[in-house]
Amino acid sequence: MHRFLAVLVLSLSLAAQDRRPNIVFIYSDDHAAHALSCYGSVINTTPNLDRLATEGMRFTNCFATNAICGPARASVLTGKYSHRNGFARNEQTFDGDQWTFPKAMQAAGYATALIGKWHLSSDPQGFDHWFVLPGQGIYHDPWFLERDALGNGERKRVPGYVTDIITERTLDWLEQWQTEDRQKDKPFLLMCQHKAPHRNWEPAERHAKLFDDVDIPLPATLDDDWSDRSSAAANTTMTIERHLTEKDVKGRPPEGLDAAALKRWRYQRYIKDYLRCVAAVDESVGRVLAWLDEHGHADDTIVIYSSDQGFFLGDHGWYDKRFMYEESLRAPLMVRWPKHVAAGSVCESFVLNVDFAPTFLRLAGVAIPADVQGTSFVPLLSGTTPGDWRRSMYYRYYEYPDPHDVRPHFGVRTERHKLIRFPDLDAWELFDLVSDPHELHSVHDDPAYGEIRASLEQEIVRLQRELGDDGTVHDPRLLRFAGVQPRELGRWADGAPLEFPAAKLASWPRRASLDVSSSPFTLGARVVRRGDDGVIAAVGGSNRGFALWLAGGVPCFAIRNGQELRAVRGREPLPRDTAILLAGALANDGRLRLFVDGEAIADAEGFPLDGLPVEGLSLGVDAETSVAGATALFAGTIADVRLWLGTVPRW
């Protein structure tokens, strides 16, 4: 009943408006909540960002579901967890053809624009205009990619400071909307996404001396020794003490510093530049708010500020994020909507980044698809928490080992407790967030917490079942595999069989005919084995590719995207001195399959390639970097090698 009334009240207020609200979504990168004065920062002030809290609502428990840049953005766009939207690691490519909330709002008549950081590799979709940084982007004189609704655009370098450029282009687009789309009664969705304060923390010239005359207070856990926890914390490579580079701290330390003094010197150099970058973001928000005020759009525009996740500001002796610990898990979130959201209000309910998409749709009066996993937090904006609102949240992190050696883990957080599982280490951590808010002492093995531990373990199982997380990252592109008809892409060694190892290295350069990205495909050959090990055919290498080989005479097939490798292995060795048609396929149903003379002998979970491999095709050996770690020379003959689009067990 409470939820119904809250939605009803806000729905009536929406209906009372002359037009649907505009939405400005300002999204920064790595901005920790404890680096905003409205969240109690003791190290900086953020007066313009604070306006959003004093004139709107501040959320104290907004959490990332996978605390890493690209995956967080994918969850915002899709309203789905990483295992459902297919983007779990930064090195992947986002499947832009899947449903996203900007597409839905564009279709519903909103003018849509994206300006700033994107970091999802594929081109943005669902925007009338976009102007984005390629990759991470750089701070000074950055490159940008720009497209309009017709697909026209270019890559160009823009002089200036990245935060200022993003702000100027944001204001330019608002001016354009004011003179064009507003006359057509089109509300807007504007996503202004900053690079700052991401590493390596290069401030604008005007802020270069900010904080020079002060020492920033040290975090309480700067000298954490990571005891009383699993080995995951102690073995990361993101410490202030050892892993900040000279480029990060902008110089070499003074001579004669002992270890403790050197650590503090590094911290001061790091944190001051970080906060200087935050200062430019704060100014940017002030300029956007000023434009809305000056043009009379403050009342009919919802302004939302958040960050992709939190950040360690020397906490636990670290920089960066990734862990499920509080400083990384929690993101800032403020919402200003005059006449609808009470000024100075605070919401303590759990909100997740997967909730943004359904919230935007609800605010715009657009239907929310059934497979969206987040929940609209529109009821919370009225100051009422529905009785069935979540009381726990689920987290999962995947990216290992590069770049910071943070072990994959998953877990659950409730109001008071947090349970984390590191499956690779067969380790658990349990924290009581009331008695141990800094998460310094795991009580997982404390008998006094036995019932709580068991309850949290059950809650993880419940959430995994509810969210469909079985440890597999589902690729949305697999849904488009069914019905792909076979088509031969290339044929090699189709004359006399190649005799290995006597044959010279047989290899072909990278070319478009080897591109099977986002598609089912089959790689196969007629082989006669005389040895036990050896690569039959490989396309690509250690970053992206696929390979067919023998290990102990047993056929194997694998596909790789970055750090993620999937492989399928047969059960029996191939007979010696016998011609066999051997094929490995990423089949139309998304499974990896091995075929011997047309018969499927093994299968395993698969995923599509997200692009053309950098390396070409080699036969008899994996010629450059290895796809799957198989490097032995093949002993025998290889003939009639073919690459097909689609599943082809026999030819």
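All residue numbers refer to position in the chain's written sequence, counted from 1. Per-residue local features are limited, in this predicted model, to residues with pLDDT of at least 70; the limit for side-chain atom pairs, both in listing and counting, is 80 or more; totals at the level of whole chains, interfaces and linings are taken over all residues. Hydrogens and water are ignored here; the side-chain numbers use all heavy atoms of the structure.

Our focus in this paragraph is the overall build of the chain. Along the chain, the regular secondary structure elements total 13 helices and 30 strands. Relative to the 2.2 N^0.38 estimate, which gives 26 Å for 651 residues, the radius of gyration of the chain is 27 Å and therefore close to what a compact globule would have. If one aligns the C-alpha atoms of the chain with their principal axes, the spans along those axes are about 80 × 65 × 55 Å. Across the 651 residues of the chain, 61% fall into the buried class. A separation of at least 24 residues holds for 69% of the contacts in the chain among residues at least 6 apart in sequence. Carbon and sulfur atoms make up 50% of the accessible area of the chain, which amounts to about 24,800 Å² in all. A helix here means a DSSP run of H or I that spans at least four residues, while a strand means a run of E at least two residues long, and both kinds are numbered starting from the N terminus. Atoms counted for the radius of gyration: C-alpha only. Globule rule: 2.2 Å times residue count to the power 0.38. In this scheme, a residue with accessible area under 20% of its type's maximum is buried, one over 50% is exposed, and one in between is partly exposed, where area comes from a 1.4 Å probe on protein chains only. Contact definition: two residues touch when any of their heavy atoms are within 4.5 Å. Values of accessible area rely on a 1.4 Å probe in the Shrake-Rupley scheme; residue burial ignores everything except the protein chains shown.

Moving on, we come to the pairing of strand E24 (residues 554-561). Taking burial as the measure, the 8 residues of E24 include 8 buried ones, the bulk of the element. Residues Val 554, Cys 556, Ala 558 and Arg 560 point to one face of E24 and Pro 555, Phe 557, Ile 559 and Asn 561 to the other, with burial holding for every one of them. Here strand E23 (residues 544-551) pairs with E24 via 8 bridges, running antiparallel. Looking at E24, one finds that Trp 549 is bridged to Cys 556. Think of it this way: DSSP has to see at least two bridges between two strands before they count as a pair. The loop that links E23 with its antiparallel partner E24 comprises 2 residues; one of these, Gly 552, has a positive phi angle of about 65°. Summarising the sheet, E24 and strand E25 (residues 564-569) pair through 6 bridges and their orientation is antiparallel. Following the sheet pairing, Ile 559 is matched in E25 by Arg 566.

Membership of the largest hydrophobic core comes to 99 residues, with the highest contact counts inside it found for Tyr 270 and Tyr 274. No other element matches the 15 residues that helix H9 (residues 259-294) contributes to this core. Those residues in contact with Tyr 270 that lie beyond four places of it in its chain are Trp 201, Ile 240, Leu 244, Phe 311, Phe 312, Leu 313, Gly 314 and Tyr 319. Counting residues in each nonpolar core, the second largest holds 45 residues, with Met 57, Leu 77, Ala 104 and Leu 114 among its members. Nonpolar cores were defined as sets of buried Ala, Val, Leu, Ile, Met, Phe, Trp, Tyr and Cys residues, with membership established by side-chain atoms within 4.5 Å.

What follows deals with H9. The span expected for a helix works out to 1.5 Å for each residue beyond the first. For H9, which comprises 36 residues, the first-to-last C-alpha distance of 53 Å matches the rise-based estimate of 52 Å (1.5 Å per residue) to within 8%. Downstream of H9 by a residue or two, Gly 296 has a phi angle that is positive, lying close to 75°.

With that settled, consider the confidence of the model for the chain. Close inspection of predicted coordinates is inappropriate in any region flagged by low pLDDT. Mean pLDDT for the chain: 94, with 96% of residues reaching 70 or above. pLDDT is defined as a per-residue confidence score from the predictor, taking values between 0 and 100. Considering only residues more than four positions removed or in separate chains, one finds that residues 1-9, a stretch of pLDDT under 50, has 8 contacts.

Let's shift gears to the sheet that holds strand E10 (residues 330-331). What the 3 strands build is an open sheet, ordered E10-E3-E13; its pairing is mixed. Each having just a single partner strand, E10 and strand E13 (351-352) make up the two edges of the open sheet. Here strand E3 (residues 62-63) pairs with E13 via 2 bridges, running parallel. If you follow Cys 62 over to E13, its bridge partner there is Val 351.

Let us now look at the sheet that holds strand E6 (residues 143-148). The strand order across the open sheet built from 10 strands is E7-E6-E5-E4-E8-E1-E9-E11-E2-E12, with neighbouring strands paired in mixed fashion. Each edge of the sheet is formed by a strand with only one pairing partner; in this case those strands are strand E7 (153-157) and strand E12 (345-347). Mean inter-strand twist for the sheet, computed between neighbouring axes without regard to direction, equals 15°. Axes here refer to lines fitted to C-alpha atoms; in helices the fit is confined to the stretch in contact. Angles between the N-to-C directions go from 0 to 180 degrees. On top of the sheet, helix H3 (residues 69-78) reaches strand E1 (22-28), strand E4 (111-117) and strand E8 (188-193); it is set at about 165° to E1, its chief contact. Across the sheet, helix H11 (residues 356-364) lies against E1, strand E9 (301-307) and strand E11 (333-336), angled at about 160° from E1, the strand it touches most.

As a further point, take unusual backbone geometry. Across the junction of Arg 199 and Asn 200, the peptide omega takes the value 10°, indicating a cis bond. Its location among the elements puts Asn 200 in the loop between E8 and helix H7 (231-234). With an omega of 0°, the peptide bond running from Asp 402 to Pro 403 counts as cis. Among the structural elements, Pro 403 can be located in the loop between strand E14 (392-397) and strand E15 (409-414). Although it is not a glycine, Trp 201 sits at a positive phi angle of roughly 55°.

This brings us to the side chain of Thr 170. With respect to the element layout, Thr 170 can be found in helix H6 (residues 162-179). Those residues within four positions of Thr 170 in sequence are excluded, and the remaining contacts are Ile 115, Leu 190, Cys 192 and Val 288.

Planes of paired rings set the category: under 30 degrees apart is stacked, over 60 is edge-to-face and the rest tilted, where pairs are Phe, Tyr or Trp rings (Trp by its six-membered ring) whose centres lie within 6.5 Å. Within the structure shown, the criterion is met by 30 aromatic pairs. Seen in terms of ring centroids, Phe 356 and Phe 377 are 6.1 Å apart; in terms of plane orientation they differ by 75°. Their pairing is edge-to-face. Of this pair, Phe 356 sits in helix H11 while Phe 377 sits in the loop between H11 and helix H12 (378-381); the two residues are 21 residues apart in sequence, bridging distant segments of the chain. What makes Phe 377 buried here is its relative accessible area of 1%. A network of ring pairs unites the aromatic residues Phe 25, Tyr 27, Phe 59, Phe 101, Phe 356, Phe 360 and Phe 377 as a single cluster. Each ring is checked for a lysine NZ or an arginine CZ that lies within 6 Å of its centre and within 35 degrees of its normal; such an atom marks a charge sitting over the ring. The aromatic ring of Trp 143 is capped on one face by Arg 155, whose charged end is 5.1 Å from the ring centroid.

The next point concerns the layout of surface pockets. The way it works is a 1 Å grid over only the protein atoms, where trapped points that fit a 1.4 Å probe form a cavity and open points with protein on both sides within 12 Å along at least five of seven lines form a pocket, and then any residue with an atom within 4 Å of a point lines it. Grid points are joined across faces, edges and corners, and a volume is the space filled by probe spheres set on the points. Looking at the largest pocket, its volume works out to about 620 Å³. What lines the largest pocket is a set of 25 residues, and nearest its centre among them are His 34, Asp 315, Glu 327, Arg 330 and His 438. Gly counts as polar in this scheme, as do all residues outside two lists: the nonpolar Ala, Val, Leu, Ile, Met, Phe, Trp, Tyr, Cys and Pro, and the charged Asp, Glu, Lys and Arg. Across the lining of the largest pocket, the residue classes tally to 12 nonpolar, 6 polar and 7 charged.

This part takes up the pairing of strand E5 (residues 129-133). With 5 of 5 residues buried, E5 is to be regarded as a mostly interior element. Burial of E5 is two-sided: the residues His 129, Phe 131 and Leu 133 facing one way and the residues Trp 130 and Val 132 facing the other way are all buried. Where E4 and E5 come together, 5 bridges link them in parallel fashion. Across the sheet, the residue bridging to Ile 115 is Phe 131, located in E5. For E5 and E6, the ladder comprises 4 bridges, and the chain directions are antiparallel. For Phe 131, the partnering residue across the bridge sits in E6 and is Glu 146.

With that settled, consider the environment of Ala 639. Along the chain, the position of Ala 639 falls in strand E30 (residues 636-645). Classification of Ala 639 as buried rests on a relative accessible area of 14%. Distance from Ala 639 to Pro 497, taken between C-alpha atoms, is 4.5 Å for residues 142 residues apart in sequence. Not counting chain neighbours up to four residues away, the residues in contact with Ala 639 comprise Ala 493, Pro 497, Ala 525 and Arg 526.

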